[in-house]
Amino acid sequence: MDGSDAERIVKLFGMSNQLLENGLDRVEDGLKVDLGRLKKLRADKDSTYYPQFDEAVRLEASRMALHYEIFYCLEKSIRKLIAETLEVAEPKTWWNPKRVSQLIFTETERRIQKERDSGITMRSENPLDYTNFGELGEIIKSNWDVFGSLFDSPKAVERVMNNLNLLRAPIAHCSPLAEDEVLRLRLSVKDWFRLME
């Protein structure tokens, strides 16, 4: 057996394992049972209070965690794209009411001050981290002179961002996503990456 055969066997093993895991996920979801496959992942959860929550809620939370992770990564990457793109256009000074609408600029400053007044640790020194998802789409649209080189159509960006914003609400507010909405989330994330091709 040469190296390419060994590599093919390892890939097949990995793919078989993924198919098996996906099948077990479907069985758990379909039968509303926990086969205990995720015990290692749960070891870091609070052992005093977490077990007191209803098992159905814990299972739902486990299923929703993946969608939260996807959205977390997506929102962070969109913020990074906006910051890096505007930094090139207007180094060091792009965060201003000319590049960010006065309404978003003022609302963001209010959120920062509210967090500062609360006495909790500030989430960030970057004001962009205080914008919400809908505002990120507005920043892209209002700076089309810069973002037009990255995307083909402002209407397409607006449509995809609106879809993502609608899907974000149940994820951010601890409601389960219906099966159709899980599919819609995957397609919307795929649409976002297609916009940037």
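Caption draft 1: Expanded view of the packing of helix H3 (residues 55–89) against helix H7 (residues 154–172). For the pair H3 and H7, the least separation of the axes is 11 Å and the interaxial angle reads 135 degrees. By the criterion of interaxial angle, the relationship of H3 to H7 is oblique. Considering only the axes of H3 and H7, their crossing is left-handed. When H3 is examined against H7, the residues Met64, His67, Tyr68, Phe71, Leu74, Glu75 and Ile78 are found in contact with a partner set consisting of Met161, Leu164, Arg168 and Ile171. Split into classes, the residues belonging to the contact of H3 with H7 amount to 8 nonpolar, 1 polar and 2 charged.

Caption draft 2: Spatial organisation of the confidence of the model for the protein. Here the protein averages 86 in pLDDT, and 87% of its residues register 70 or above. Confidence, expressed as mean pLDDT per element, reaches its minimum in the protein at helix H2 (residues 39–42) with 48 and its maximum at helix H4 (residues 102–118) with 96.

Caption draft 3: Summary view of unusual backbone geometry. Even without a glycine there, the phi angle at lysine 92 is positive, about 70 degrees. Along the polypeptide, lysine 92 turns up in the loop between H3 and H4. If you check the backbone angles, cysteine 174 has positive phi at about 55 degrees while not being a glycine. Looking at the element boundaries, cysteine 174 is found in the loop between H7 and helix H8 (179–195). Here cysteine 174 falls in the exposed class, since its relative accessible area comes to 71%.

Parameters and conventions
Each chain has its residues counted from 1, following the order in which its sequence is written. In keeping with the model being predicted, local features are shown solely for residues with a pLDDT of at least 70 and side-chain atom pairs are shown and tallied solely at 80 or more, while totals for entire chains, interfaces and linings include all residues. Neither water nor hydrogens contribute to the side-chain values; these are computed over all heavy atoms in the structure. To obtain an axis, a line is fitted to C-alpha atoms, over the contacting stretch when the element is a helix, and the angle between two such axes runs from 0 to 180 degrees between their N-to-C directions. Numbered from the N terminus, helices here are DSSP runs of H or I no shorter than four residues, and strands are runs of E no shorter than two. The scheme is simple: roughly parallel for angles under 35 degrees, roughly antiparallel for over 145, roughly perpendicular for 65 to 115, oblique for anything else. Crossing handedness: left-handed means the near helix sits turned counterclockwise from the far one by under a right angle, and right-handed means the same turn made clockwise. For this analysis, residues touch if any pair of their heavy atoms sits within 4.5 Å. Nonpolar residues are Ala, Val, Leu, Ile, Met, Phe, Trp, Tyr, Cys and Pro. Charged residues are Asp, Glu, Lys and Arg, and all others, Gly as well, are polar. Residue-level confidence of the predictor, termed pLDDT, takes values from 0 up to 100. Under the scheme applied here, a residue whose accessible area is under 20% of the maximum for its type counts as buried, over 50% as exposed, and between as partly exposed, the area being computed with a 1.4 Å probe on protein chains only.

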